[in-house]
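# Coordinate analysis (summary)
Here's the letter readout for the chains.
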Amino acid sequence: MTAAAAAEPAEPLAQPLVHAVNVTKSFHHNEVLKGIDLDVDRGQVVCLLGPSGSGKTTFLRCINQLETIDGGRIWVDGDLMGYVDRDGKLYRLKNKEIAAQRREIGMVFQRFNLFPHKTAIENVAEAPIQVRGESRKPARARAQELLDRVGLGDRCTSYPAQLSGGQQQRVAIARALAMQPKLMLFDEPTSALDPELVGEVLAVMRELAEDGMTMIVVTHEMEFAREVADTVVFMDGGVVVESGPPRDVLGNPQHQRTKTFLTRLRSAHEHP
Amino acid sequence: MTVSDAVVEKRRGLSPRQRAQRSRGIQYAVLVVIVVVAAFTANWSQIANVFFKPEFVKSAFTSGLPGAFLKTIEYTAGAFVIGLVGGTLLALMRLSPVAPYRWIATAYIEFFRGLPAIVVFVAFSLLPLAFADLVIPLDPYGTVWLALGIVAAAYMAEVIRAGIQAVPKGQIEAARSLGMPVGVATRKIVLPQAFRIVLPPLANDLILLVKDSSLVFIIGTSAAAYELTGFGRDLANTESNLTPLVTAGFCYLVITLPLGLLVRWLEAKAARAH
């Protein structure tokens, strides 16, 4: 794959941005991912759906190497994640090289994980300054722009503890965007939020999708998946059960497991 | 209260409040007896003469107490810096993925925590005998800082390690997901939070260090290098009166009591932050 990409520089956009093949992962003999294949094209929004324990979060974390994979391969923009391929044998990259790969991929966590000892603007500017060696002033100016973009331009000097959950998550999105990533990963970004705060975060994500950002989103927000996703992937028990456009997977699921899950999710929504 | 309990209460004729009052009354009575006995049996004028004689307090101040006070602070401060740097290094080694680093750090910490500090000081006092041409720079500070700092590093390493481990895992993941290399994530994200968490116990270690600095006289420093205890002991010896030592002792309280208040304030602040 990498070789093919190198041989055809004329059309680098032809390959999918994310190309995962037969990814497997176990925790203590418990196989969480049993061979996941996934392609995500540039500008696409993919929503990963599935019951808890289905492996969707683990898969997301494998993409940016927060988890090491046991088998298979993941390419992001032609880069083999975490490894170098020498004559078909994989060698683990150095930590520094993996860190460099992660710079291209933004991640938003369920529990925000903002740096509590830094203000909102410092949270956003920290990585560009520390990692890309940007000087303080332009980094902060860009951070200000990003905070404006997520609607928090007036909360720059607030510490995370002084912000609501929804505001924290929006700062977290701005922080990830500050590294100008090619790909954004969202790990249940609204699951830890009070219901009335979910909307503001989804609105920011919706705008991001409209601006053409490539996104992989683990979520239980059906409405969001239906309206924003290009592809919905339903996972269960460490495998992809079915995937396709939202109107097919959500509107007319083919597999019993998908149907059961969707029914449960709907009834949970209607009678919380 | 069940029915049978009520019956028992009635028979004794005392409510719980009455019983508490009686118990408190007995405790006060015992206290009064002890105070009265002490007041009549002890030789108060002699005690005052030996421990609290005003003229010796005055002579202590004129013959070098302020200098000794300053030395105690200097010894403590230098040792605290060594302990902090060494302790941070040891804590990072203990958490290192490289096994030999972990072994070395663990061995060091267990060795110097298990050893009475006085043994280390005796060892330092004997070093010049064993190594005739050994020179520790910044005499006497170098020797004192090293001796105190070596032990302090072992204690502080454990505190700092606990602090590092108390930083939520999500913080490291967030730093890594932003492409920060391990070193940057440790320096910029983990350690600042870890130190915030361990500030109260570190201030506590500082108090212990102030007191441990009293062991310095074992190294055999010259009179000019005396800290509070060495000074107090020396003067008490020559005057055959304990007042100088008591005065030096109060000087420790002048340092440790505010530090104790600082610890409590830091703890309250940390409790409020969570």
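Residues numbered from 1 in each chain as written. Chains lettered and ligands numbered in written order. Predicted model: local features only at pLDDT ≥ 70, side-chain atom pairs only at ≥ 80, totals over all residues. Heavy atoms only, no water.

Core analysis: the biggest nonpolar cluster contains 53 residues, and A:Leu49, A:Leu147, A:Ile173, A:Met184, A:Phe186, A:Met205 and A:Met215 have the highest contact counts within it. Among all residues touching A:Phe186, those that are not within four sequence positions of it are A:Leu60, A:Val108, A:Ile173, A:Met205, A:Leu208, A:Met215, A:Ile216, A:Val217 and A:Val218. (Core = buried A, V, L, I, M, F, W, Y, C linked by side-chain atoms within 4.5 Å. Buried < 20%, exposed > 50% of the residue type's maximum accessible area, 1.4 Å probe, protein only. Contact = heavy atoms within 4.5 Å.)

So, about the interface of chain B and chain A. On the chain A side, the residues contacting the 18 residues of chain B number 24 residues. Overall, the association of chain B and chain A removes approximately 1,800 Å² of surface from exposure, summing both partners, and the carbon and sulfur fraction of that is 61%. By the criterion of area lost to chain A, the three top residues of chain B are B:Arg176, B:Ser177 and B:Leu178, representing 32% of everything that side buries. Along the contact surface separating chain B from chain A lie one salt bridge. Residues B:Glu173 and A:Arg61 are paired through a salt bridge, measuring 2.6 Å at the closest nitrogen-oxygen approach. Applying the counting rule to chain B against chain A returns five residue pairs in polar contact (both at pLDDT 80 or more). Going through the elements one at a time, α9 (169-177) and α10 (182-212) of chain B are the ones with two or more residues in the side of chain B that touches chain A. Looking at the side of chain B that touches chain A, its residues break down into nine nonpolar, five polar and four charged. (Buried area = accessible area lost by both parts, 1.4 Å probe. Salt bridge = Lys/Arg side-chain N within 4 Å of Asp/Glu carboxyl O. Polar contact = N/O pair within 3.5 Å; in protein donor to acceptor, adjacent residues only side chain to side chain. Helix = DSSP H or I, 4+ residues; strand = E, 2+ residues; numbered from the N terminus. Nonpolar A, V, L, I, M, F, W, Y, C, P; charged D, E, K, R; others polar.)

Moving on, we get to the sheet that holds strand β5 (residues 79-80) of chain A. All names here are of chain A. With antiparallel pairing, four strands are arranged side by side in an open sheet as β2-β1-β4-β5. Of all the strands in the sheet, just β2 (30-40) and β5 have a single pairing partner and so form its edges. Pairing of strand β4 (residues 71-76) with β5, which is carried by two bridges, proceeds in the antiparallel orientation. By the bridge assignment, Val-76 is partnered in β5 with Asp-79. (Pairing = 2+ DSSP bridges.)

Residues and elements named next belong to chain A. Even without a glycine there, the phi angle at Asn-22 is positive, about 50 degrees. Structurally, the position occupied by Asn-22 is in strand β1 (residues 18-27). Asn-22 gets classed as partly exposed once you look at its relative accessible area, which sits at 45%. With phi around 65 degrees, Phe-112 is a residue other than glycine that occupies positive phi space. If you trace the backbone, Phe-112 turns up in the loop between β8 (105-108) and α4 (120-130). According to the relative accessible area criterion, Phe-112 is buried, its value standing at 10%.

Over its 31 residues, α10(B) extends only 36 Å from the first C-alpha to the last, a length that falls short of the 45 Å expected when each residue adds 1.5 Å. Considering bend angle alone, the principal kink of α10(B) is centred on B:Leu199 and spans about 60 degrees; proline B:Pro200 follows within four residues of it. (Expected span 1.5 Å × (residues − 1). Bend = angle between axes of the 7 residues up to and from the residue.)

Residues and elements named next belong to chain B. The grouping of Phe-51, Phe-52, Leu-242, Leu-245, Phe-250, Leu-253 and Leu-257 at the surface amounts to a nonpolar patch, some 620 Å² of accessible area in total. The greatest single-element share of the nonpolar patch, amounting to four residues, is contributed by helix α12 (residues 243-273). Relative to the assigned elements, Leu-257 resides in helix α12. A relative accessible area of 54% means that Leu-257 is categorised as exposed. (Patch = residues over 30% accessible without salt bridge, like charges linked within 9 Å, V, L, I, M, F, W, Y side chains within 5 Å. Areas by Shrake-Rupley, 256 points an atom, 1.4 Å probe, with all protein chains shown as cover.)

On to the packing of aromatic side chains, then. Throughout the structure, instances matching the rule amount to six aromatic pairs over all chains. Aromatic side chains B:Phe111 and B:Phe112 sit 5.0 Å apart centroid to centroid with 90 degrees between the ring planes, which places their arrangement in the edge-to-face category. Residue B:Phe112 is classed as buried on the basis of its relative accessible area, which comes to 14%. Taken together, the aromatic side chains of B:Tyr75, B:Tyr141 and B:Trp145 make up a single cluster linked through ring pairs. Its guanidinium or amino end placed over the ring of A:Tyr91, A:Arg86 lies 5.1 Å from that ring's centre, counting from NZ or CZ. The side chain of A:Arg92 reaches across the aromatic face of A:Tyr83, ending 5.1 Å from its centre. (Phe/Tyr/Trp six-rings, centres within 6.5 Å; stacked < 30°, edge-to-face > 60°. Lys NZ or Arg CZ within 6 Å of the ring centre and 35° of its normal.)

All names here are of chain A. The strand order across the open sheet formed by six strands is β8-β9-β10-β3-β11-β12, and the pairing between neighbours is mixed. Strands at the two margins of the open sheet, each flanked by one partner only, are β8 and β12 (239-244). With strand direction ignored, the average angle separating the axes of adjacent strands in the sheet is 15 degrees. Where strand β3 (residues 45-49) lies against strand β10 (residues 214-218), four bridges are found, and the strand directions are parallel. Following the sheet pairing, Val-46 is matched in β10 by Ile-216. Together, β8 and β9 (183-187) form the strand contacts of helix α6 (residues 165-177), whose direction differs from that of β8 by roughly 170 degrees. (Axes fitted to C-alpha atoms, helices over the stretch in contact; angles between N-to-C directions.)

Now for helix α5 (residues 136-149) of chain A. All names here are of chain A. Its 14 residues place the ends of α5 20 Å apart at the C-alpha level, agreeing with the 20 Å of an ideal helix rising 1.5 Å per residue. Here the buried face of α5 lies against α4 and α6. Directly beyond the C-terminal end of α5, a positive phi value near 80 degrees is found at Gly-151.

None of the figures reported here should be taken as evidence of function without further support.
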